[in-house]
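Remarks on the overall topology
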Amino acid sequence: MSEVKKRYEEAKKRYAAIGVNTDKAIKKMADVKISIHCWQGDDVKGFLTPQGELTGGIMSTGNYPGAAHTPDELRQDLEKAYSLIPGKHKLNLHAMYLDTDEEVDLNQIEPKHFTKWVEWAKKQGIGLDFNPTHFSHPMMKDGMTLSHPDKEVRDYWIEHGKRSRKIAEYMGKETGQTCINNFWMPDGMKDNPIDRYTPRKRMMESLDEIFEEKLNEEYTMEAVESKLFGLGAEAYTVGSHEFYMGYGLTRNKLICLDAGHFHPTEVISNKLSSLALFSKGIMLHVSRPVRWDSDHVVLMDDELQDIAKELVRNDLLSRTNIGLDFFDATINRIAAWVIGTRNTQKALLKAMLEPIQDLKEMELEFAFTKRMAYTEELKDFPYADVWNYFCEQNGVPVGLDWLEEVRNYEEEVLMKRK
């Protein structure tokens, strides 16, 4: 018996004493798919232009060596990251990550421009999610896309949205896994606007035109994502939380909550139960804001654990699509993927190792002393031993062993890139 298995058996007994079946938790954890974002691998540059240099709307800081410069390099790096993460997951692609030799603009993209990604995903046994790219483009004028007063600008982005839907449908058909197509626009103003209403009306009408054609939700489902502010849109963001909550509820779309897109005093963990009561479903972008939206690598902090608890305690995993969204160019990019994804998985597994029904009964009985005693004691339970066994079962490195593989890959592959 391995040391990992031995420690797991001891942990299993401790959890069994409070009514938790660790084997069931591990089995449940194996079914959870995380949508890992492609843009961590190249600092949000994409492959729309030969130079891969896009600016405006999003920025990644740092110059750590080894960033991917081609789709093949990005796929190679992703394969390495997936090999260090337990389970089978998904890849979240932005439209600007097309893989083609054609010169094609965002309002011209077609499924054929993503065929190589689809074939790769099928070979890897993973699903694909998608995002239209509404930033870093000359047609993002005056800080606006779908809400711009110029109909020519709106029409350009409407066409991009329609084509993105067809690409997502194609991905879902080919992979056999529903492709979540997430719409986020950075539209807004740097200083206080006079008219907040009309841009939102234009955006609503533009989105209605994009979504006019009904698609088979077996293949693709759409989400809409809000944001509180952005670079150049500090005073007013057209697609606010209230805007997209209303749009998603009335148009039967998934509502995306990004952990970094709210005021520093807000947390999305406290919004999940409310949205779950009224919405079709939820898309998460698990990120880590530092003093505001800054998309740092996900750590095992309180908010991540609270998000996981809300999903598990309220049985929301089947209605929630979990994706990651961070980009850090100051550290090894593959390590960033591994740390962020494994932390998200750890938080979910830890939440699954609670005696949830017993805790709910304590609450119903107003046994708050007992509830507090249990939740505090659980903090010291050996969830890490269950996690390590989960990793061993899935054939990925346990503990810090993955870091040595990343170091070797950096030396053998990343440091040799120009």
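Refer to the structure presented above.
The shown structure was predicted, so the numbers you read here are calculated from the model rather than taken from an experiment.

1. Considering the overall build of the protein
Along the protein, the regular secondary structure elements total 14 helices and 10 strands. Over its C-alpha trace the protein gives a radius of gyration of 22 Å, about what one expects of a compact globule, namely 22 Å for 418 residues. Projected onto its principal axes, the C-alpha coordinates of the protein cover approximately 65 × 55 × 40 Å. Look at the contacts in the protein between residues 6 or more apart in sequence, and 79% of them connect residues 24 or more apart. When the accessible surface of the protein is split by element, carbon and sulfur atoms take 49% of a total near 19,100 Å². One way to put it: in the protein the 55 positive side-chain charges average out to a point 3 Å from where the 69 negative ones average out.

2. Remarks on the pattern of salt bridges
A complete count under the given rule lists 31 salt bridges for this structure. Ionic pairing is found between Asp385 and Arg7, a salt bridge with its closest N-O pair at 3.1 Å. In this pair, Asp385 is assigned in helix H13 (residues 383-393) and Arg7 in helix H1 (residues 3-16), connecting sequence segments 378 residues apart. Accessibility expressed as a relative area gives 41% for Arg7, which makes it partly exposed.

3. Section: helix H9 (residues 302-313)
Given 3.6 residues per turn, any residue in an α-helix points the same way as the ones three and four places further on. Look at H9: 16 Å from first C-alpha to last across 12 residues, which is about the 16 Å you get at 1.5 Å a residue. Residues of H9 that are buried make contact with helix H2 (22-30), helix H8 (272-278), strand S9 (282-286), strand S10 (320-324), helix H10 (333-352) and helix H11 (356-364). Downstream of H9 by a residue or two, Asp315 has a phi angle that is positive, lying close to 55°.

4. Side note on the side chain of Lys271
Here Lys271 is to be found in the loop between strand S8 (254-258) and H8. Under the relative-accessibility criterion, Lys271 is labelled buried at 17%. In this structure the side chain of Lys271 is engaged in a polar contact, spanning 2.8 Å, whose partner is the side chain of Glu266. Ignoring anything within four residues of it in the chain, the contact list for Lys271 reads His241, Leu257, Phe262 and Glu266.

5. Digging into the nonpolar core
Counting 120 residues, the largest nonpolar core has Leu91, Met171, Leu207, Leu284 and Leu348 as its most contacted members. Per-element tally for this core: the top contributor is H10, with 10 residues. For Leu348, the residues in contact, after removing those within four places along its chain, are Met29, Val32, Ile34, Ala308, Leu311, Val312, Leu317 and Ile322. With six residues, the next largest nonpolar core counts Ile180, Met221, Ala223 and Met283 among its residues.

Calculation notes
Along each chain, the written sequence defines residue order, and numbers are assigned to residues from 1. Per-residue local features of the predicted model are confined to residues with pLDDT of at least 70, and side-chain atom pairs are confined, for both listing and counting, to 80 or more; whole-chain, interface and lining totals are unaffected and use all residues. Hydrogens and water are ignored here; the side-chain numbers use all heavy atoms of the structure. Secondary structure is summarised from DSSP: a helix means a run of H or I of at least four residues, a strand means a run of E of at least two, and numbering begins at the N terminus for each. Values of the radius of gyration come from C-alpha atoms, whereas the globule rule sets the reference at 2.2 Å times the count of residues to the power 0.38. Here, two residues are considered to be in contact whenever any of their heavy atoms come within 4.5 Å of each other. Only the protein chains shown count as cover for residues, with accessible areas throughout obtained via the Shrake-Rupley method and a probe of 1.4 Å. Here Asp and Glu are counted as negative and Lys and Arg as positive; His is not counted, and neither are the chain ends. To locate a charge, take atom NZ for lysine, CZ for arginine, CG for aspartate or CD for glutamate. Salt bridge, as used here: a side-chain nitrogen of Lys or Arg that lies within 4 Å of a carboxyl oxygen of Asp or Glu. Each residue is assigned to one of three classes by its accessible area relative to the maximum for its type, calculated with a 1.4 Å probe on protein chains only: buried under 20%, partly exposed between the two thresholds, exposed over 50%. An expected span of 1.5 Å times one less than the residue number is assigned to each helix. Here a polar contact means two N or O atoms within 3.5 Å. Within protein one must be a hydrogen donor candidate and the other an acceptor candidate, and residues neighboring in sequence count only if both atoms are side-chain atoms. Here, nonpolar core means buried Ala, Val, Leu, Ile, Met, Phe, Trp, Tyr and Cys residues that are tied together by side-chain atoms lying within 4.5 Å of each other.

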